[in-house]
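The lines below spell out each chain.
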Amino acid sequence: MTTTERTAASFFLPSDEPLGLITADGAPVADAALEMPADDVLLRLHRAMVSGRRFDAQATALTKQGRLAVYPSARGQEAGEIGSILALRPQDWLFPTYRDSMAVVARGVDPVEVLTLLRGDWHCGYDPYQTNVAPQCTPLATNTLHAVGFAHAAKTKGEDTVALVLLGDGATSEGDTHEALNFAAVWQSPVVFLVQNNCYAISVPLSKQTAAPSLAHKGVGYGMPSVLVDGNDAAAVHAVVEQAVARAAAGGGPTLIEALTYRIESHTNADDASRYRDRAEVEAWLTRDPIARLERYLTDRGLLDDAAREEIAARAETEAASLRERMNVDTVLDPADLFRHVYAEPTAALRRQAEDLTAELSFGAEE
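Here is a short report on the structure shown in this document. (Residues numbered from 1 in each chain as written. Predicted model: local features only at pLDDT ≥ 70, side-chain atom pairs only at ≥ 80, totals over all residues. Heavy atoms only, no water.)

**Digging into helix α9 (residues 175-187)**
Part 1: Over its 13 residues, α9 extends 18 Å from the first C-alpha to the last, a length consistent with the 18 Å expected when each residue adds 1.5 Å.
Part 2: Restricting attention to buried positions, one finds in α9 the residues Thr 177, Ala 180, Leu 181, Ala 184 and Ala 185. The buried residues of α9 occupy an angular sector of 120 degrees when projected down its axis, which confines them to one face.
Part 3: Where the residues of α9 are buried, they touch α8 (142-156), β2 (163-168), β3 (191-197), α10 (218-222) and β7 (255-260). (Helix = DSSP H or I, 4+ residues; strand = E, 2+ residues; numbered from the N terminus. Expected span 1.5 Å × (residues − 1). Buried < 20%, exposed > 50% of the residue type's maximum accessible area, 1.4 Å probe, protein only. Arc of directions from axis to C-beta. Contact = heavy atoms within 4.5 Å.)

Here's what the structure looks like:
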């Protein structure tokens, strides 16, 4: 980034309206400021979103059946989840939140391992290094600092790695996000911040969180370019994130992206969204469905027909059936796991606790 660019406000400011490539009714946006992804990418986006929504529905059902302790649905946010993930390169890293299970699955993590955290077995049920996916973050915004630290270390070591960190609108109200954005901009770290603004932080609407014109405008104060994109347009999200990743990889520093979307379901299965929002509001957003939008565009282009849609739906159903079957197997728990992976070398106190527990369990077994 040149000195001239860093002092030009226009370089940092997002557009007044969200950038898009495909309208809500499936038509191409006229005079779009973004380049449409290739046809094969659009087809991959569609397939992955269909699978992601079916996974999300299955996880919700498993929660109602008592197989999960809690599940935060991402229905309606498929474009942000999938559009961003498919824009990453193999060597890049994802830093997700608790609502980004769909994104983690799309990155290649086994769905059962993804849901292990929400079942209560392990904090992270997968090996982060196998797919370059950090543990899902439950506390708001802590993953933003993790991503910046990781990306800064990669840059220092001369590695070609970009970190994509996902966060919600509520996380932008946390101090951790402020610190992460500031450090990333000062260090010019290769990080892409994607805020999936789904309009509510649990029950708190965006209007009670900030008076800024958009969350994307916050990037100006930190000295990083910001983008406002239609978060229900998978093609646009993919294009924007791909640009930001390429810029970061080339040494251009971080980007703040706000993807304007909506959380169709409640915050989690423990929440009653009808207490703080009207059904009419939800129904209005249902007309902007990201899957239906891309499906109409692909159909009009002659890239998707009934046979292909049926095949994609059948595959998603097969994946859901496999998840359901494997999640219905009771987990074999080992009490000794309480003491594993706490320290690389267990402390004396930890060893004593483990020995005490083993003795107590042995005593109970003898009775």
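**Some details on the pattern of salt bridges**
Part 1: If you walk through the whole model with that rule in mind, you get 19 salt bridges.
Part 2: Salt-bridge contacts for Arg 293 lead to Asp 230; the nearest nitrogen and oxygen are separated by 2.9 Å. Separated by 63 residues along the polypeptide, Arg 293 in helix α13 (residues 290-300) and Asp 230 in strand β6 (residues 226-230) bring together distant segments of the chain.
Part 3: Overall, Arg 293 belongs to the buried group, its relative accessible area being 2%.
Part 4: For Arg 340, the salt bridge is made with Asp 334, and the minimal N-O distance between the two is 3.1 Å.
Part 5: You can call Asp 334 partly exposed: its relative accessible area is 34%.
Part 6: In the salt-bridge network here, residues are joined through shared partners; they are Arg 53, Glu 78 and Asp 289. (Salt bridge = Lys/Arg side-chain N within 4 Å of Asp/Glu carboxyl O.)

**Observations regarding the pairing of β6**
Part 1: Counting buried residues along β6, 4 of its 5 residues qualify, which places the element largely inside the surrounding structure.
Part 2: Across 5 bridges, β6 lies against β7 in parallel orientation. Of the residues in β7, the one forming a bridge with Ser 226 is Leu 256.
Part 3: Running through helix α11 (residues 234-249), the crossover from β6 to the neighbouring parallel element β7 is right-handed. (Pairing = 2+ DSSP bridges. Right-handed = clockwise from strand over helix to strand, strands pointing away.)

**Points about the sheet that holds strand β1 (residues 93-95)**
Part 1: Reading across the sheet, the 5 strands line up as β1-β2-β3-β7-β6 and stay open at both edges, with parallel pairing between neighbours. The open sheet is flanked by β1 and β6, the only strands paired with a single partner. Taking each pair of neighbouring strands and ignoring which way they run, the sheet shows an average axis angle of 20 degrees.
Part 2: With 3 bridges connecting them, β1 and β2 associate as parallel partners. (Axes fitted to C-alpha atoms, helices over the stretch in contact; angles between N-to-C directions.)

Remember, this is a structural readout, not a statement about activity or role.
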